[in-house]
Amino acid sequence: MPKSRTSYVCTECGAESAQWFGKCPACGTYNSLEEQIVTQVTSHDRRTNWQGTTQQNAKSAANTPPKPRMSLKFSQITEKQQERWSSGYAELNRVLGGGVVPGSLVLIGGDPGIGKSTLLLQVANRLAMEYRILYVSAEESGQQVKLRASRLGVGIALTPDAESEEKPTATEIVEPNLYVLPETDLEQILRELESLKPNLAVIDSIQTIYLPTMASAPGSVAQVRECTSALMRLAKSEDITLLIVGHVTKEGAIAGPRVLEHLVDTVLYFEGDRFASHRLLRSVKNRFGATHEIGIFEMIDRGLREVANPSELFLGNRDEAAPGTAIVVACEGTRPLVVELQALVSPTSYASPRRSTTGVDYNRLLQILAVLEKRVGIPLSKLDAYVASAGGLNVEEPAVDLGIAIAVVASFRDRIVDSRTVLIGEVGLGGQVRAVSQMELRLKEAAKLGFKRAIVPKGQKFPEDLGLEIIPVSKVLDAIVAAIPAQPRFGSSELESDPADADSEEF
């Protein structure tokens, strides 16, 4: 009879230890070791049918020419054209790289209540009009899933417009090819997959299913690893697409071993602020498309709805001018987003001034403030500085540096930046404005939304027929002069002098 022993496995890196430690010896994570019962395998069980070259047949093996047993060259592999399926949502198709790849494994993580199950149930309903879909619910009973499906309108061939108050008629109600399995036993799930042979299956969630032959609890490192491996083997052999829901830790990472993200083909994170209605679906790994793509949804009473023009979410009211605001064009993957940045500079009440950011990298703000004080001569060391992005979107790429700098200067001088001007550029430590990537994509998005001017790094190429007045600048001071011309202070009729007339050290 095989013997059992106790081992402690790190939930972050998967390293094993014979005893418990408060800190993982391999990766250094605290409180990550979990107890696991391991069944020892005897030497007889380890023995395989393969026998290596011995001294008796070494001579004959040396005279045998090398030849492959199972490996193939690329020219010998038969090409198979696989058409992607449309998920029914253009935003999800964008994140997946053009649609659902048959036989792929997609892992979706996110905070509790963010809308993971809602999104997948809506996607399953759309796909069930053309394909056979299995929804495995390991967290809810069949009655609970049906109650949620009724609220989302699952079973309707054409989902009505979310803004319409009209209810679907009886002729619109059809029975989709959608099957629900409330089960946590992996063996039962595998049997159902082999019997039903669905085109796509949703596993909600991987941390709640378990393999009965293992003694560890559901959600443990061993259970998550083995359950995912078993599902992957069946999905690849039967060409079943799997959409797997994963829980996240309090740090925001997907719970379970890191090998979970390595096993799947695509890893998506569902993000959102609990005080806002919009949700961001972000790709961090994709074997079939570009990473760092985002899809934007809005949570309404009937579930999730796609946002046709995401830039409207992150743009404030441009009709009402306010000091300390600037418009930037950020890129998430291949998607340009026009975002309004807001800055507030005020005298501090403490010995050390306070800096605070929302949606902007904190260290990046400190660097820009230092550049403005050293290279432009603006005294900010005794002032509090607050910077936020409208809508709470995280814009941490260097291309928004120029917008942050202009917003801070506009708040310091109590000036208004033209609401029809966008700012694009990275700020260097020497006060120069550096080039950024995807400039043509950013300018086209700005022109489409009706902007008239763009302040960009000097020397960067861009198309000339965009209908935008392009103002190239090489230094931050030049950008300040172009973005904040002579004008009255906000709320005053007295005209201020142009900053270009003053020396940069007396700005």
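Everything quoted here is computed from the prediction, not taken from an experiment.

A. How the structure looks around the overall build of the protein chain. Secondary structure summary: the protein chain contains 12 helices and 21 strands in total. Out of the 507 residues in the protein chain, the part that is buried amounts to 45%. Intrachain contacts of the protein chain at a sequence separation of at least 6 include 66% that bridge at least 24 residues. Total accessible area on the protein chain is roughly 26700 Å²; 49% of this is exposed by carbon and sulfur atoms.

B. Quick look at the packing of helix H6 (residues 186-196) against helix H7 (residues 221-238). Two numbers describe how H6 lies on H7: the axes approach to 11 Å, and their chain directions differ by 10°. The orientation of H6 relative to H7 falls into the category roughly parallel. Side by side, H6 and H7 meet where Leu-186, Leu-190, Leu-193 and Glu-194 of the first sit next to Cys-227, Ala-230, Leu-231 and Leu-234 of the second. Grouping the constituent residues of the contact of H6 with H7 by class yields seven nonpolar, no polar and one charged.

C. Layout of the side chain of Gln-223. Considering the arrangement of structural elements, one finds Gln-223 in helix H7. Residue Gln-223 is classed as buried on the basis of its relative accessible area of 1%. Every residue in contact with Gln-223, bar those within four places of it in the chain, is listed here: Tyr-210, Leu-211, Met-214, Ser-216, Ala-217 and Pro-218.

D. Up close: the environment of Ser-137. Mapped onto the elements, Ser-137 comes out in strand S5 (residues 133-137). Note on Ser-137: relative accessible area 2%, which makes it buried. Counting along the chain gives 72 residues from Ser-137 to Ile-209, while the straight-line C-alpha distance between them is 9.5 Å. Residues within four places of Ser-137 in sequence aside, it is in contact with Val-145, Leu-181, Pro-182, Glu-183 and Asp-204.

E. Just the state of the cysteines, in detail. Under the criterion given, the structure shown has zero disulfides. Counting only cysteine sulfurs, Cys-24 is the nearest neighbor of Cys-10, a cysteine outside any disulfide, at a range of 3.6 Å. Take Cys-10: its relative accessible area is 0%, and that puts it in the buried class. Among the cysteines around Cys-27, which has no disulfide bond, Cys-24 carries the closest sulfur, lying 3.6 Å off.

F. Looking closely at the nonpolar core. Core analysis: the largest hydrophobic core is formed by 49 residues, its most contacted members being Leu-372, Ile-404, Ile-406, Val-408 and Ile-455. Listing elements by their share of this core, those giving two or more residues are strand S11 (294-300), strand S13 (325-332), strand S14 (335-347), helix H9 (362-376), strand S16 (383-389), helix H10 (401-413), strand S21 (469-473) and helix H12 (476-483). Here this core takes eight residues from H10, the largest share from any one element. Not counting residues within four places of it along the chain, the set of residues in contact with Leu-372 comprises Gly-377, Ile-378, Leu-380, Ala-405, Val-408, Val-409, Val-476 and Ile-480.

G. View of the sheet that holds S14. An order of S15-S16-S14-S13-S17-S20-S21 is seen for the seven strands of this open sheet, with the pairing classed as mixed. Single-partner strands in this sheet number two, and they are strand S15 (355-358) and S21. Neighbour to neighbour, the strand axes of the sheet diverge by 25° on average, direction disregarded. When strand S20 (residues 453-457) meets S21, the two strands line up parallel, connected through five bridges. Across the sheet, the residue bridging to Arg-453 is Glu-469, located in S21. Helix-sheet contacts for H10 involve S13, S14, S16, strand S17 (421-423) and S20, and the interaxial angle to S14 is about 30°. The sheet strands contacting H12 are S17, S20 and S21, and the helix crosses S20 at an angle near 175°.

H. Main features of the pattern of salt bridges. Counted according to the given criterion, the structure contains 16 salt bridges. A salt bridge links Asp-418 to Arg-420; the shortest N-O distance between them is 3.7 Å. Looking at Arg-420, the relative accessible area reads 44%, which means it is partly exposed. Here the salt bridges do not stand alone but share partners, grouping Lys-236, Asp-265 and Arg-287 into one network.

I. Up close: the pairing of strand S9 (residues 266-272). Most of S9 is tucked away, with five of its seven residues classed as buried. In this structure, strand S4 (residues 105-110) lies alongside S9, joined through five bridges in parallel fashion. Opposite Gly-109, over in S9, you have Tyr-269 as the bridge partner. Note: S9 against strand S10 (residues 278-286), seven bridges, orientation antiparallel. The residue of S10 that forms the bridge with Thr-266 is Asn-286.

How each quantity is defined
Residues numbered from 1 in each chain as written. Predicted model: local features only at pLDDT ≥ 70, side-chain atom pairs only at ≥ 80, totals over all residues. Heavy atoms only, no water. Helix = DSSP H or I, 4+ residues; strand = E, 2+ residues; numbered from the N terminus. Buried < 20%, exposed > 50% of the residue type's maximum accessible area, 1.4 Å probe, protein only. Contact = heavy atoms within 4.5 Å. Areas by Shrake-Rupley, 256 points an atom, 1.4 Å probe, with all protein chains shown as cover. Axes fitted to C-alpha atoms, helices over the stretch in contact; angles between N-to-C directions. Parallel < 35°, antiparallel > 145°, perpendicular 65-115°, else oblique. Nonpolar A, V, L, I, M, F, W, Y, C, P; charged D, E, K, R; others polar. Disulfide = S-S within 2.5 Å. Core = buried A, V, L, I, M, F, W, Y, C linked by side-chain atoms within 4.5 Å. Pairing = 2+ DSSP bridges. Salt bridge = Lys/Arg side-chain N within 4 Å of Asp/Glu carboxyl O.

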